[in-house]
Amino acid sequence: MTIQSKEYKKYLKAKKLKKATILAIQLGILVLIFGLWELFAQLGLIDTFIMSSPSRIVKTTYSLYLSGDLFYHIFTTLYEAVLGFLIATLGGTLIAIILWSNDTIRKILEPYIVVLNSLPKIALGPIIIIWVGVGTSSIVTMDILIMIIITIISMLNAFRQIDPSKIMLLKSMNANKFQILTKLILPGSLPEFISLLKINVGLTWVGTIMGEYLVSKAGLGYLIIYGSQIFNLDLVMASTIILCALAAVMYFVVAYIEKKVSNKLNN
């Protein structure tokens, strides 16, 4: 028992060391990129008017903070992204459940879902603006359109991949569809749902910024468009870096949820 205990402690120590090493390398790469970027800018090897530099990005971000615009634009984009993410993920999953529960409806709607998935969403931009108006509603609508079809297809495939013999076993025990759904289908599709969340994290920012490109008076997408129009590349790069940071935070939140769910399933 003592030998096993020592070996287990050694394994945990090695695992933590590997995790710390990976994190250190990731941070090191990030520091190296920004360090070389700043160095090349200071040496004049790159044109800071076009490429900007980390120091100029920091100054621009600080100026936005002093003017009170920084958090206003961040929270505007974050609100649109999170709202679209939740509506598309939950709504798409609910539609997938309906399609799973009724095979006839699924067969009728499946061709339309495939066609809608292949349709370039940006082409619907003018129609969205006319239908739902200018502002947050049109941006969130674009966000939802980007994600909801992917969500429906992914979750429906996950539901249909559940072992049919397990479904038959529950049916033999007189379980109804709701019981099969809650006791088998949803728990069995949890890993795929977590993977879908990771996909939607990326898509939600694509949809939000795309919507802000089309029509917005605030948000990081608005700052990027405004900065490009007045040739203020410092503002464009600062907004882009902040956008990357927000996307990373959202991804880490999903990764944390995944870790908790995995630990619960393993236990």
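Note that the structure is a prediction, hence the values are computed from the model and not measured.

Caption draft 1: Examining the overall build of the protein chain more closely. If you tally the helices and strands in the protein chain, you get 12 helices and 0 strands. Seen in sequence order, the protein chain has helices and strands lined up from the N terminus as α-α-α-α-α-α-α-α-α-α-α-α. Computed over its C-alpha atoms, the radius of gyration of the protein chain comes to 24 Å, more than 25% above the 18 Å expected for a compact globule of 267 residues. Taking the principal axes of its C-alpha atoms as reference, the protein chain extends roughly 75 × 70 × 30 Å. A burial count over the protein chain gives 33% of its 267 residues as buried. By sequence separation, contacts in the protein chain at least 24 residues apart represent 73% of the contacts at least 6 residues apart. Element-wise, carbon and sulfur atoms account for 70% of the exposed surface of the protein chain, whose accessible area totals about 16,700 Å². Measuring between centres, the 23 positive side-chain charges of the protein chain sit 14 Å from its 13 negative side-chain charges.

Caption draft 2: Representation of the packing of helix H8 (residues 164–172) against helix H9 (residues 177–188) within the structure. With their axes 11 Å apart at the nearest point, H8 and H9 run at an angle of 150° to one another. As H8 runs across H9, the sense of the crossing is right-handed. On the side of H8, the interface is formed by Lys166, Ile167, Leu170 and Lys171, while H9 contributes Ile180, Leu184 and Ile185. Looking at the contact of H8 with H9 residue by residue, the classes come out as 5 nonpolar, no polar and 2 charged.

Caption draft 3: Local environment of the packing of aromatic side chains. All chains considered together, the criterion is met by 6 aromatic pairs. Ring plane angle 85° and centroid distance 6.1 Å describe the contact between Tyr65 and Phe71, whose orientation is recorded as edge-to-face. When its relative accessible area of 42% is taken as the criterion, Phe71 is described as partly exposed. One aromatic cluster is present, formed by Tyr62, Tyr65, Phe71 and Phe75 through successive ring pairs.

Caption draft 4: Quick peek at empty space enclosed by the protein. A full pass over the atoms with the stated rule returns 1 cavity of 30 Å³ or more. Elements that contribute at least two residues to the lining of the largest cavity include exactly helix H6 (125–132), helix H7 (136–160) and helix H10 (190–214). For the lining of the largest cavity, the per-class residue count stands at 6 nonpolar, 3 polar and no charged.

Caption draft 5: Quick look at unusual backbone geometry. For Asn174, which is not glycine, the phi dihedral falls at a positive 65°. If you trace the backbone, Asn174 turns up in the loop between H8 and H9. Assessed through its relative accessible area of 69%, Asn174 is described here as exposed. Look at Phe231: it is not a glycine, yet its phi comes out positive at around 55°. Inspection of the secondary structure assignment puts Phe231 in the loop between helix H11 (220–229) and helix H12 (233–266).

The rules behind the values
Residues numbered from 1 in each chain as written. Predicted model: local features only at pLDDT ≥ 70, side-chain atom pairs only at ≥ 80, totals over all residues. Heavy atoms only, no water. Helix = DSSP H or I, 4+ residues; strand = E, 2+ residues; numbered from the N terminus. Rg over C-alpha atoms; globule rule 2.2 N^0.38 Å. Buried < 20%, exposed > 50% of the residue type's maximum accessible area, 1.4 Å probe, protein only. Contact = heavy atoms within 4.5 Å. Areas by Shrake-Rupley, 256 points an atom, 1.4 Å probe, with all protein chains shown as cover. Lys, Arg positive; Asp, Glu negative; His and termini not counted. Charge placed at Lys NZ, Arg CZ, Asp CG, Glu CD. Axes fitted to C-alpha atoms, helices over the stretch in contact; angles between N-to-C directions. Left-handed = near helix turned anticlockwise from the far one by under 90°. Nonpolar A, V, L, I, M, F, W, Y, C, P; charged D, E, K, R; others polar. Phe/Tyr/Trp six-rings, centres within 6.5 Å; stacked < 30°, edge-to-face > 60°. 1 Å grid on protein atoms, 1.4 Å probe; cavity = no way out; pocket = protein on both sides within 12 Å on 5 of 7 lines; lining within 4 Å. Points joined across faces, edges and corners; volume = space filled by probe spheres on them.

Purely spatial values, then, with no claim about function.
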